[in-house]
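Residues per chain, in single letters:
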Amino acid sequence: QVQLVESGGGLVQAGGSLRLSCAASGRTFSSYTMGWFRQAPGKEREFVAGISWSGGSTYYVNSVKGRFTISRDNAKNTVYLQMNSLKPEDTAVYYCAADRGVVVRTTPRSYDYWGQGTQVTVDS
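Peer 1: Help me understand the overall build of the chain in this model?
Peer 2: Broken down by element type, the chain carries 0 helices and 11 strands. Starting at the N terminus and ending at the C terminus, the chain contains elements arranged as β-β-β-β-β-β-β-β-β-β-β. A globule of 124 residues ought to have a C-alpha radius of gyration of about 14 Å, and the chain, at 13 Å, matches this closely. Projected onto its principal axes, the C-alpha coordinates of the chain cover approximately 40 × 25 × 25 Å. Looking at the chain as a whole, 45% of its 124 residues qualify as buried. Residue pairs in contact within the chain that sit at least 24 positions apart in sequence constitute 58% of those at least 6 positions apart. Surface summary for the chain: the accessible area is close to 6,300 Å², and the carbon and sulfur share equals 47%. Considering the chain, the positive charge centre built from 13 side chains and the negative charge centre built from 9 side chains are found 5 Å apart.

Here's what the structure looks like:
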């Protein structure tokens, strides 16, 4: 069982930056592939970024490539999402999720555990 708690969301001007954190409970955090998803009002939950258990593989949706960076610190049971050059279309609730699988997957149903989400609002 893994419990996930996101933090770091907030209101930022377009072009600004935020760093999201996701703290995980449990001793097996390092064995999980981790992902960040987002959901805007009236839209489906969307994959944003994922990272393998070792941190050696990362994957991003095209719309955030070059702007967002996912990383993890297994010693701290934490995964991060550094978001730079934010745009109004990045506004959403951001969720982190844990997947028992060994490769980064992009579909929400592949993930076993979810956090409660943190709101990111980018003002134009």
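Peer 1: Got a minute to help me understand the pattern of salt bridges in this structure?
Peer 2: A side chain of one charge can pair with a side chain of the opposite charge if their charged atoms are brought near each other. The full count for this structure, using the stated rule, is 5 salt bridges. When the shortest N-O distance is used, the salt bridge between R38 and D90 registers 2.9 Å. Of this pair, R38 sits in strand β4 (residues 33–39) while D90 sits in the loop between β8 (78–83) and β9 (92–99), and the two are 52 residues apart along the sequence. What makes D90 buried here is its relative accessible area of 1%. With its nearest N and O atoms 3.2 Å apart, the salt bridge here joins D112 to R100. Here D112, found in the loop between β9 and β10 (113–114), pairs with R100, found in the loop between β9 and β10; they are 12 residues apart in sequence, far enough to count as distant.

Peer 1: Hey, could you run me through the side chain of S21 in this one?
Peer 2: Among the structural elements, S21 can be located in strand β3 (residues 18–24). The class of S21 is buried, set by a relative accessible area of 17%. Setting aside residues no more than four positions away along its own chain, S21 makes contact with V5, E6, S7, W36, T78, V79 and Y80.

About the cut-offs
- Residues numbered from 1 in each chain as written.
- Predicted model: local features only at pLDDT ≥ 70, side-chain atom pairs only at ≥ 80, totals over all residues.
- Heavy atoms only, no water.
- Helix = DSSP H or I, 4+ residues; strand = E, 2+ residues; numbered from the N terminus.
- Rg over C-alpha atoms; globule rule 2.2 N^0.38 Å.
- Buried < 20%, exposed > 50% of the residue type's maximum accessible area, 1.4 Å probe, protein only.
- Contact = heavy atoms within 4.5 Å.
- Areas by Shrake-Rupley, 256 points an atom, 1.4 Å probe, with all protein chains shown as cover.
- Lys, Arg positive; Asp, Glu negative; His and termini not counted.
- Charge placed at Lys NZ, Arg CZ, Asp CG, Glu CD.
- Salt bridge = Lys/Arg side-chain N within 4 Å of Asp/Glu carboxyl O.

These figures capture arrangement, not role.
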